[in-house]
Amino acid sequence: MRLAAVAFLAGILLLQMLPELPARGWTWALPVVLLTLAFIPRLRLPGWGVAGFLWALLLAPPLSTLPTEFEGAELWVEGWIASIPDREWRNTRFEFVVDQARRGEQSAPLAGQRLRLAWWNDSGTGTDENPAVERPALRAGDRWGFATRLKRPHGLLNPGGFDYERYLYARNIVATGTIHSQPPPQLLARSDRYPLDRYRQRVADSFERRLPGNLQVGVLVALAVGEEGGITPWQWDVFNRLGVGHLMSISGSHIGLVAGVVFGLIWIGWSRAPPLALRWPATRAAALAAMLGAGAYTLLSGLSVPAQRSFLMAAVAMTALLLQRSAAPSRILALALLVVLIVDPGSPLLAGFWLSFGAVAAILYTVSGRWRERRWFGQTVGLQVNITLAMLPPTLVFFQQFPLLSPLANLIAIPWVDCTVLPLSLLAAVLEPLGAAAQRLPLELAALTMEGLWHVLLWLDRLPGMVLYRPAPPLWTLAFALPGLALLLAPRGLPGRWLGLPLCLPLLWPPASAPAPGGFWFTLLEVGPGLAAVVRTQRHVLVYDTGPKLGATLDAGRAVLVPFLRQQGAIQVDALIVSHADGQHTGGVRSLRELMPVRRILASTLEQTPIEGAEPCRAGQGWEWDGVRFQVLHPPPAGFSGDDASCVLKVEGAAGRVLLPGDIETAAETTLAATHGAGLAAEILVAPHHGHRNFSTPAFLDAVRPRYVLFSTGYRNRFGYPRSETMARYRATGAALLNASGEGALTFRLEPGQALEAERYRRAHRHYWTAP
């Protein structure tokens, strides 16, 4: 069973690594594979792998079914809100299942498909094109009609960044869109579907009403109903740096706790009632009740992967008690793994899958046959250390960080949450139908205890150097690290345990790569409608602009820049240039400075971009790092304002030059061409102002003579950048035109002896769910 589950998982992973889905016709071979498993024992192990591959192919959701002619068109869609709406400052996002869709009188083939929609202007401020309107509360299960423009799933693809397209694909979402206020949205029916999600939203809303403005209400909602949208990115940063993020929403340990508590209570009560105990054994009654309790909490969680896994494990164990058969813990875990993969072959696409199963496997490996009740405290501390070590590979692969304080933080947080915050939150959720009076006391106590834990975590988080940031390790390092960890966590007395340490070293310190002296790497990141670029020399890092805000609590600095820099192994930013005061360029400054040391900051207009410690960016400034020359060409001390006052940076190494002009317009281009002439020449030019139609004068382009012109505009942006007439002007120079919105991050390695070629992240790291 154990090897079969691993082989089945390997087959699924093989499919997930492919750039394109094979033809579905291959799934007709599945019955043959099943017969092989049944009647040819020596082929069972490879047969399980083939079965996993074909099963994942059979159940793989179809790729986006939004026809090209309907992308960006005005559509009217009717259907049901299929998730708890996630409310932010100016918008609300939710999943929507379509019943019917049309463009005018033409029907759109979207019936039964799942969309992710955003309703903006929540604050009451609107635009002439899309004025704000007063709207009723959005609730799961309500039937609505909306006017919307849809686009195919498209995320920001950058090294180290979150794969939003994979997330949408795993949730069967075929398109995203924005709701328009004209024609007005129509509420067609209340409470039409999804009764479970309606109840979950009622609980979440009641928590928010009872605790207005309380920072911890998001955690309590996550623990009670599995809805994590109320936890701020700042809170997640603290939880993840301490390794306790798994405790702040419904996880496997919580499902196991509920099952154990229900089992114990029913067993005690049943045993003390002789008529009941004589009719049916207390152990069987408690096992059935524990299964039902764990199942109810799993449903309340929204069927998250950790909850599914724990419920299946509990169900197998309780079924063994009901049938009075023993079941080895490792077999229970393998069966749970197999069932989760059969039900949802896409679950390995999510980091939670690996963290969940990995943690339980580590517990079973380190505890089985070694637990001694009389030494429970010391063994509990050792168990936390072992779990932390076992989680090292997935933590570094997915997050590029390793919380050194995780054993201590979990030793404090696990009993704190499991004994106070979680049961009080669940009690408040159960009492919701009885009204505010019944719910108030447990909810306020839950908030009070969570507030106490939060202060302890903040104190731990302030300790310096307690998070180890490492570059993303190559997958081949896992081939050494996993056996190494198995040796390190093996029982004492096993010969050769010390070999585990050198086997883990490639994971912690993978082979470092850096530009050669005199060379540099330039990366234009995909940040949507904005700009963020990174220049890396042999020992230094420069960031030019930080991209836009991506929501009320998220920005490109947190979502794109910092993950990229950590993936590259950078530990600090040596210089940050903020080209000018525009939200599309400054949105990530605060997050970048909070999450990574920044030694020097240059900004064009300090009065418009008040950044502590920033220096004015002025023409004539320059410096050299590792044989690479950096020159600020613009603006002069006076004479320019607004976009025309953007910092213009030229980077020149032994193998080429890059020109970063910010959002300069015609006046600045004319001045630069007249002042510097051929000194503007650069092989790579980032298009000024994202390709606005009125800029990039012939004199400026003649002076630069670029081989590549790069754009950062955002997929199907509302401004229509880059404009067609501007593109024609750039094409006339003979340069290759590349847009990060279609290519993902664009990287150039300008080093002596290397050809100047663009590395297109979307193409080089393509998966079958990736948008073309």
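Bear in mind the structure is a predicted one, so any value in this text is a computation, not a measurement. (Residues numbered from 1 in each chain as written. Predicted model: local features only at pLDDT ≥ 70, side-chain atom pairs only at ≥ 80, totals over all residues. Heavy atoms only, no water.)

Undergrad: Tell me about the overall build of the chain, residues and numbers included.
TA: In terms of helices and strands, the chain carries 27 helices and 25 strands. A compact globule built from 772 residues should have a C-alpha radius of gyration of about 28 Å, and the chain, at 28 Å, falls within 12% of that. Each principal axis of the C-alpha distribution contributes one length, and for the chain these read about 100 × 70 × 60 Å. Looking at the chain as a whole, 51% of its 772 residues qualify as buried. Across the chain, every contact between residues at least 6 apart in sequence was considered, and the portion connecting residues at least 24 apart equals 68%. Carbon and sulfur atoms make up 61% of the accessible area of the chain, which totals about 34,300 Å². Computing the positive centroid from 68 side-chain charges and the negative centroid from 55, the chain places the two 11 Å apart. (Helix = DSSP H or I, 4+ residues; strand = E, 2+ residues; numbered from the N terminus. Rg over C-alpha atoms; globule rule 2.2 N^0.38 Å. Buried < 20%, exposed > 50% of the residue type's maximum accessible area, 1.4 Å probe, protein only. Contact = heavy atoms within 4.5 Å. Areas by Shrake-Rupley, 256 points an atom, 1.4 Å probe, with all protein chains shown as cover. Lys, Arg positive; Asp, Glu negative; His and termini not counted. Charge placed at Lys NZ, Arg CZ, Asp CG, Glu CD.)

Undergrad: How would you summarise the packing of helix α5 (residues 195-210) against helix α17 (residues 436-461) if you had to cite specific residues and measurements?
TA: With their axes 11 Å apart at the nearest point, α5 and α17 run at an angle of 75 degrees to one another. Relative to α17, the element α5 lies roughly perpendicular. Residue-level contacts link Ser-206, Phe-207 and Arg-210 of α5 to Ala-436, Gln-439 and Leu-443 of α17. Here the residues of the contact of α5 with α17 are counted per class, giving three nonpolar, two polar and one charged. (Axes fitted to C-alpha atoms, helices over the stretch in contact; angles between N-to-C directions. Parallel < 35°, antiparallel > 145°, perpendicular 65-115°, else oblique. Nonpolar A, V, L, I, M, F, W, Y, C, P; charged D, E, K, R; others polar.)

Undergrad: Break down the nonpolar core for me, citing the residues and quoting the values.
TA: Counting 53 residues, the largest nonpolar core has Phe-207, Leu-220, Phe-239, Val-244 and Met-248 as the members making the most contacts within it. If you list the elements that add at least two residues to this core, you get α5, α6 (217-225), α7 (233-242), α8 (252-271), α10 (282-300), α11 (305-323), α16 (406-430) and α17. Among residues more than four places away in sequence, those in contact with Phe-207 are Val-217, Leu-220, Val-221, Ala-224, Ser-425, Ala-428, Ala-429, Gln-439 and Leu-443. (Core = buried A, V, L, I, M, F, W, Y, C linked by side-chain atoms within 4.5 Å.)

Undergrad: I'd like to hear about the state of the cysteines, residue by residue, with values.
TA: Using the criterion set out here, one finds one disulfide in the structure. A sulfur-sulfur distance of 2.4 Å marks the disulfide that ties Cys-617 to Cys-647. Of this pair, Cys-617 sits in the loop between β16 (615-616) and β17 (622-625) while Cys-647 sits in the loop between β18 (628-634) and β19 (648-653); the two residues are 30 residues apart in sequence, bridging distant segments of the chain. Each member of the pair Cys-617 and Cys-647 is classed as buried. (Disulfide = S-S within 2.5 Å.)

Undergrad: Which residues make up the packing of aromatic side chains, and what values go with them?
TA: In this description, an aromatic ring pair is defined by two values, namely the gap between the centres and the angle between the planes. Using the criterion set out here, one finds 21 aromatic pairs in the structure. On the basis of an interplanar angle of 65 degrees and a centroid distance of 5.0 Å, the ring pair of Tyr-708 and Phe-748 is categorised as edge-to-face. Here Phe-748 lies in strand β24 (residues 746-750) and Tyr-708 lies in strand β22 (residues 708-711), a separation of 40 residues in the sequence. Look at Phe-748 and you get buried, because its relative accessible area is 0%. (Phe/Tyr/Trp six-rings, centres within 6.5 Å; stacked < 30°, edge-to-face > 60°.)

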